[in-house]
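Summary of structural features
Chain by chain, the residues run as shown.
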Amino acid sequence: MITIFNQIFGAKKPEKKYCDLHIHSTFSDGLLTPQQIVASAKERELDAVSIVDHDAVGGIEPAIQIGKKLGVEVVPAVEMSCMVGDADVHIIGYYIDYQNKKLITVLNDIQAKRVDRAKKIVEKLTEQGADVEIKRVLEIAGNGAVGRPHIAQALLEEGHISSYDEAFWKYIGYHCPAYVLKERLSPLDAMKLIKDFHGVSILAHPMIYNNRSLIAYLIDQGIQGLELWRCEHSDNEMRYLNNLITNHHLIATGGTDCHGGRKGKILIGESKVPYQAVKDLKHAR
Ligand SMILES: [Zn+2]
Ligand SMILES: [Zn+2]
């Protein structure tokens, strides 16, 4: 309604348009529902928002529906968890064909493997005399992708450990007695999957990996863009990423990676991503 009013009467919207293209909902490990996220984006005067859940697309459609009512554009996306050695690498697929049944089957399969891994970890914990119920672990995970943080919480509830960190160095960290290897896609598998389902592949939080040769390798392999606008990037890191983006004609995106206050306050909108990122993604689609 406001948009129509503006078109007819020429009222001015704020000059600069912003978006937040990386937010987690209750469909993975976020605390806000897709509806709450879109409402919050509206409150913060964002023009577009993207629900980016881990290996899950269930939050997209409800976000689009509420977005239509509130006048906030919702960019469909999924964040694929990949492994390089024992390190997690995340690749986002924007504008992926999220309603495609084959894609949903692939994602369900990834989720099933996570549950399988959690069960194996719980079995190993029993052998170590640190019993937790898998039922409780899954309850803690809720809609989200079950993983070690949920197991750590169950261990804490049962009194087997006295701090969250202890779970990792005593039982479930890499090389610990209850560790079970993850079965994950490689980044190249994820890029292929995203391409097969008409998405645009973007490397999430590129500086987190502390591995510049990995970034170079993925660019070489055809990754289409990098997350540039992230609150944690230093000026130096911004310059470094900006150079890569210019030299290799990549798309610059970004977002807050907001988990709905899980890591403190609700960050939605704080990374000040220019709306141009959405235009570039649409163009590349
Ligand atoms: Zn991530
Ligand atoms: Zn994320």
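Refer to the structure presented above.
So, here is what we can say about the structure in this document. (Residues numbered from 1 in each chain as written. Chains lettered and ligands numbered in written order. Predicted model: local features only at pLDDT ≥ 70, side-chain atom pairs only at ≥ 80, totals over all residues.)

Right, let's talk about the overall build of the protein for a bit. If you tally the helices and strands in the protein, you get eleven helices and nine strands. Each principal axis of the C-alpha distribution contributes one length, and for the protein these read about 70 × 40 × 40 Å. Counting all 285 residues of the protein, 40% fall into the buried class. Put simply, of all contacts in the protein between residues at least 6 apart along the chain, 68% involve residues at least 24 apart. (Helix = DSSP H or I, 4+ residues; strand = E, 2+ residues; numbered from the N terminus. Buried ≥ 20, exposed ≤ 12 C-beta atoms within 10 Å, placed from the backbone. Contact = placed C-beta atoms within 7 Å.)

Glancing now at the packing of helix α6 (residues 148–157) against helix α7 (residues 164–172). Relative to each other, α6 and α7 sit at 105°, their axes nearing to 9 Å. If you check the angle between α6 and α7, you find them roughly perpendicular. Two secondary-structure elements touch here, α6 through R148, I151, A152, L155 and L156 and α7 through Y164, A167, F168, Y171 and I172. Looking at the contact of α6 with α7, its residues break down into nine nonpolar, no polar and one charged. (Axes fitted to C-alpha atoms, helices over the stretch in contact; angles between N-to-C directions. Parallel < 35°, antiparallel > 145°, perpendicular 65-115°, else oblique. Nonpolar A, V, L, I, M, F, W, Y, C, P; charged D, E, K, R; others polar.)

To continue, consider the nonpolar core. The biggest cluster of nonpolar side chains holds 73 residues, and the ones touching the most others in it are C19, I37, V49, I91 and I151. Setting aside its immediate chain neighbours within four residues, V49 contacts C19, D20, I23, I37, V38, A41, V72 and V74. (Core = buried A, V, L, I, M, F, W, Y, C linked by C-beta atoms within 7 Å.)

What follows deals with unusual backbone geometry. We note that H249 has phi near 50°; this positive angle belongs to a residue other than glycine. Turning to its location among the elements, H249 is positioned in the loop between α10 (235–247) and β8 (251–254). The class for H249 is exposed, based on 8 C-beta atoms found within 10 Å. Of note in the backbone geometry, D257 takes a positive phi value of approximately 60° without being a glycine. Secondary-structure assignment places D257 in the loop between β8 and β9 (273–274).

Moving on, we come to the pairing of strand β5 (residues 87–94). Within β5, six of the eight residues are buried, which leaves the element mostly enclosed by the surrounding structure. When strand β4 (residues 77–84) meets β5, the two strands line up antiparallel, connected through eight bridges. Note that in β5 the partner of E79 across the bridge is I92. The antiparallel hairpin formed by β4 and β5 contains two residues in its connecting segment, where G85 sits at a positive phi of about 65°. Pairing between β5 and strand β6 (residues 200–203): four bridges, direction antiparallel. What sits directly across from I91, in β6, is L203. (Pairing = 2+ DSSP bridges.)

Let's shift gears to helix α2 (residues 34–43). Taken together, the buried positions of α2 are P34, I37, V38, S40 and A41. The buried side chains of α2 occupy one side of the element, clustering within an arc of 160° when seen end-on. On its buried side, α2 packs onto β1 (18–23), β2 (48–54), α3 (60–70) and β3 (73–74). Of the residues flanking the end of α2, it is E45, one or two places downstream, whose phi is positive at about 60°. (Arc of directions from axis to C-beta.)

Packing of helix α5 (residues 134–141) against α6 leaves a shortest axis separation of 9 Å and a crossing angle of 120°. Classified by the angle between their axes, α5 and α6 sit oblique to one another. Crossing of α5 over α6 shows right-handed handedness. On α6, the residues touching R136, V137, I140 and A141 of α5 are H150, I151, Q153 and A154. Split into classes, the residues belonging to the contact of α5 with α6 amount to five nonpolar, two polar and one charged. (Left-handed = near helix turned anticlockwise from the far one by under 90°.)

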